[in-house]
Amino acid sequence: QVQLVESGGGLVQAGGSLRLSCTASARTFTSFNSYKMAWFRQVPGKEREFVAAIIWSDGPTDYTDSVKGRFTIIRASGNTVLLQMNNLQPEDTAAYYCAATFASTQMLRGPYNYWGQGTQVTVSS
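Summary of the structure given here. (Residues numbered from 1 in each chain as written. Predicted model: local features only at pLDDT ≥ 70, side-chain atom pairs only at ≥ 80, totals over all residues. Heavy atoms only, no water.)

### Regarding the sheet that holds strand β1 (residues 2-7)
- In space, the 4 strands of this open sheet follow the order β1-β3-β8-β7, with antiparallel pairing throughout. Looking along the sheet, the strands with just one partner apiece sit at the ends: β1 and β7 (71-77). For this sheet the average axis-to-axis angle between neighbouring strands, irrespective of direction, equals 20 degrees.
- Here β1 runs beside strand β3 (residues 18-26); their pairing, made up of 6 bridges, is antiparallel. Residue pairing in the sheet places Glu 6 in a bridge with Cys 22 of β3. (Pairing = 2+ DSSP bridges. Helix = DSSP H or I, 4+ residues; strand = E, 2+ residues; numbered from the N terminus. Axes fitted to C-alpha atoms, helices over the stretch in contact; angles between N-to-C directions.)

### Quick look at the pattern of salt bridges
- Tallied over the entire structure, the rule returns 5 salt bridges.
- Of the charged contacts in the structure, one is a salt bridge between Arg 41 and Glu 49, with a shortest N-O distance of 2.9 Å.
- Take Arg 41: its relative accessible area is 6%, and that puts it in the buried class.
- For the salt bridge of Asp 92 with Arg 41, the shortest nitrogen-to-oxygen distance reads 3.0 Å. Taken as a pair, Asp 92 in the loop between β8 (80-85) and β9 (94-102) and Arg 41 in strand β4 (residues 35-42) lie far apart in primary sequence, 51 residues in all.
- A residue is classified by how much of its surface remains accessible, and Asp 92, at 1% relative accessible area, is buried.
- One salt-bridge network, held together by shared partners, links Arg 41, Glu 49, Arg 70 and Asp 92. (Salt bridge = Lys/Arg side-chain N within 4 Å of Asp/Glu carboxyl O. Buried < 20%, exposed > 50% of the residue type's maximum accessible area, 1.4 Å probe, protein only.)

### Quick word on the state of the cysteines
- Going through the model one piece at a time under the given rule, you end up with 1 disulfide.
- Here Cys 22 is linked by a disulfide to Cys 98, with a sulfur-sulfur distance of 2.0 Å. Between Cys 22 and Cys 98 the disulfide shows an S-S torsion of about -80 degrees. By sign, it is left-handed. Here Cys 22 is found in strand β3, whereas its partner Cys 98 is found in strand β9, with 76 residues between them in sequence. Per residue, the accessibility class of Cys 22 equals that of Cys 98, and both read buried. (Disulfide = S-S within 2.5 Å.)

### Describing the environment of Ile 55
- Note on placement: Ile 55 falls in strand β5 (residues 49-55).
- On the basis of relative accessible area, Ile 55 is assigned to the buried category, the value being 0%.
- Leave out the neighbours within four places in its chain, and Ile 55 touches Tyr 35, Lys 36, Pro 60, Arg 75, Ala 103, Thr 105, Gln 106 and Leu 108. (Contact = heavy atoms within 4.5 Å.)

### Re the nonpolar core
- Counting 28 residues, the largest nonpolar core has Trp 39, Leu 83, Met 85 and Tyr 96 as the members making the most contacts within it.
- Contributions of two or more residues to this core are made by β1, β3, β4, β5, β7, β8, β9 and β11 (119-124).
- When neighbours within four sequence positions are excluded, Leu 83 is seen to be in contact with Leu 18, Arg 19, Leu 20, Trp 39, Val 51, Ala 52, Phe 71, Thr 72, Ile 73 and Tyr 96. (Core = buried A, V, L, I, M, F, W, Y, C linked by side-chain atoms within 4.5 Å.)

### Description of the side chain of Thr 80
- Relative to the helices and strands, Thr 80 is located in strand β8.
- Thr 80 gets classed as buried once you look at its relative accessible area, which sits at 13%.
- For Thr 80, the side chain forms a polar contact with the side chain of Thr 23, separated by 3.5 Å.
- Apart from the residues lying within four places of it in its own chain, the contact partners of Thr 80 are Ser 21, Cys 22, Thr 23, Ile 74 and Arg 75. (Polar contact = N/O pair within 3.5 Å; in protein donor to acceptor, adjacent residues only side chain to side chain.)

This is the structure:
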C-alpha cells in the first residue's frame, strides 16, 4: 500500500507563486527512487489533466505545454516531489493531485497506480 499526502494549496493573486509538496509512504520499505511521480489537475466538469512528471531522482521530466516555463517539478528527496508554480494565472485554478507508480517505462504521462487526495489551488485576477 502506497499513500500520497499533498500540501501547499491555497488562494493566491495572479502572478503569485505556490509550492506544492507530495510525500509518499508505504507500509513496508519501498524505494521510491525507482518510481515515476507526477502532478495532475482537474476543474469541475472537465477531465483530469496531466501537468508534470519526473522519473527517478535525476531523470527526465515532462510538462504540459500550458505550464512550461512557469512550473517546475522537483524531486526533493527519494519520497518527496514538489511542484513549484510561478506566475500563476486564473486558468491554473484547479484541484491538484499527486500521482506515483513504479517506473517500468520512461513514459511519464501514465499510467499511474497511486493517487493523493488533492489540494485546491485558486488564483484570483
